Amino acid sequence: MKCILCSRFKFIDLENLKKPLLFFEPVCQKCFRNIKITPRVRVIDGISIYSFYRYEDISMLIGSKYSIFGSRVLKILSKKASEYFFNSHNISLWEQAKIYGIAIDDCVRSHYSHTAVILREFCKHSFRPSYGALKAKNMVHYAGKSLLYRQSNPRNFIYTKKFDNVFIVDDIITTGTTIKEAKKTVEKNGSNVLFAIVLCDAKS
Ligand SMILES: [Zn+2]
């Protein structure tokens, strides 16, 4: 198949034989290596929110999240981001603490859950995933909406888990309203929110 970034047809080469499945990935290895990680940390309500891409750099790729290749594109971006994250943090500190990852509204829409794909990639090392732990009752869409709109239309999350320590996962951060609301809900139920992971930051 064609690489969705460079449009070149990919053929299995000798290097790839160990990983023949790569042939079916939507992005070729060269383009995968060239996707730029632009790490950023925002501090909102006392927690660090780690992001790895600028929205404008990957909008073409993220835009495909509703396409049939969407889950594989998100997986590729998440894999690269999680490798960066674990290489730049001392994960041995986290190994003793049982830390659960919870993804914002990871219910299945258009064939797969976007945030669950990201959560899975970030739970390959020291963290444990808890799928379906944080569901939104209000199916409001925030894309292109003002901060005032976001604040006056909360997502109304439901969270009933009893984990001591969690981190929150989302795909995009814009104003931070969603993460703030999720954090409040989770903390109200007695869990401690250590940090948040989002794939990309929409603030330029
Ligand atoms: Zn390519």
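Residues numbered from 1 in each chain as written. Predicted model: local features only at pLDDT ≥ 70, side-chain atom pairs only at ≥ 80, totals over all residues.

Draft legend 1. Main features of the overall build of the protein. Within the protein, the secondary structure is distributed over seven helices and eight strands. Out of the 204 residues in the protein, the part that is buried amounts to 31%. (Helix = DSSP H or I, 4+ residues; strand = E, 2+ residues; numbered from the N terminus. Buried ≥ 20, exposed ≤ 12 C-beta atoms within 10 Å, placed from the backbone.)

Draft legend 2. Seen up close, the nonpolar core. Core analysis: the largest hydrophobic core is formed by 41 residues, its most contacted members being Leu 77, Ala 103, Ile 118, Ile 168, Val 169 and Leu 199. Here this core gets six residues from one element, more than from any other, and that element is strand 8 (residues 192-201). With near-sequence residues (within four places) excluded, Ala 103 lies in contact with Thr 115, Ala 116, Ile 118, Leu 119, Leu 134 and Val 169. (Core = buried A, V, L, I, M, F, W, Y, C linked by C-beta atoms within 7 Å. Contact = placed C-beta atoms within 7 Å.)

Draft legend 3. Examining unusual backbone geometry more closely. Backbone geometry at Ser 7 places phi at a positive 60°, although glycine is not the residue there. With respect to the element layout, Ser 7 can be found in the segment before helix 1 (29-34). You will see that Asp 45, though not glycine, has its phi angle at about 50°, which is positive. Residue position: Asp 45 is located in the loop between strand 1 (40-44) and strand 2 (47-51).

Draft legend 4. Local environment of the confidence of the model for the protein. Overall, the prediction assigns the protein a mean pLDDT of 84, with 86% of residues at 70 or greater. In the model of the protein, helix 4 (residues 92-96) stands out as the element of lowest mean pLDDT, 75, in contrast to strand 2, which has the highest, 97. (pLDDT = per-residue confidence, 0-100.)

Draft legend 5. Fine view of the environment of Lys 30. Tracing the backbone through its elements, the reader meets Lys 30 in helix 1. The exposed category is assigned to Lys 30, around which 12 C-beta atoms lie within 10 Å.

Draft legend 6. Fine view of helix 3 (residues 70-87). Here helix 3 is 18 residues long and its end C-alpha atoms lie 26 Å apart, about the 26 Å a rise of 1.5 Å per residue gives. Listed as buried for helix 3 are Gly 70, Val 73, Leu 74, Ile 76, Leu 77, Ser 78, Ala 81 and Ser 82. Contact partners of the buried residues in helix 3: helix 1, strand 3 (53-54), helix 2 (55-62), helix 5 (114-122) and strand 8. (Expected span 1.5 Å × (residues − 1).)

Draft legend 7. Spotlight on the packing of helix 3 against helix 5. Between helix 3 and helix 5, the least distance of the axes is 9 Å, while the angle of their chain directions is 35°. Crossing angle aside, the handedness with which helix 3 passes helix 5 is right-handed. Judged by residue contacts, Ser 71, Leu 74, Lys 75, Ser 78, Lys 79 and Ser 82 of helix 3 engage His 114, Val 117, Ile 118, Glu 121 and Phe 122 from helix 5. By residue class, the composition of the contact of helix 3 with helix 5 is four nonpolar, four polar and three charged. (Axes fitted to C-alpha atoms, helices over the stretch in contact; angles between N-to-C directions. Left-handed = near helix turned anticlockwise from the far one by under 90°. Nonpolar A, V, L, I, M, F, W, Y, C, P; charged D, E, K, R; others polar.)

Draft legend 8. Focus on the environment of Val 186. Along the chain, Val 186 falls in helix 7 (residues 177-188). Residue contacts for Val 186: discarding those within four places in its chain leaves Tyr 159, Val 166, Ser 191 and Val 193.

Draft legend 9. Layout of the pairing of strand 8. Across the 10 residues of strand 8, seven count as buried, placing the element largely inside the fold. The pairing of strand 2 with strand 8 spans three bridges and is parallel. By the bridge assignment for strand 8, Tyr 50 is matched with Ile 197. Taken together, the two bridges between strand 3 and strand 8 define a ladder with parallel strand orientation. By the bridge assignment, Tyr 53 is partnered in strand 8 with Cys 200. Sheet topology places strand 7 (residues 165-173) next to strand 8; eight bridges connect them, and they run parallel. Within strand 8, the residue paired with Phe 167 across the bridge is Phe 195. For the handedness criterion, the β-α-β arrangement of strand 7, helix 7 and strand 8 is classed as right-handed. (Pairing = 2+ DSSP bridges. Right-handed = clockwise from strand over helix to strand, strands pointing away.)

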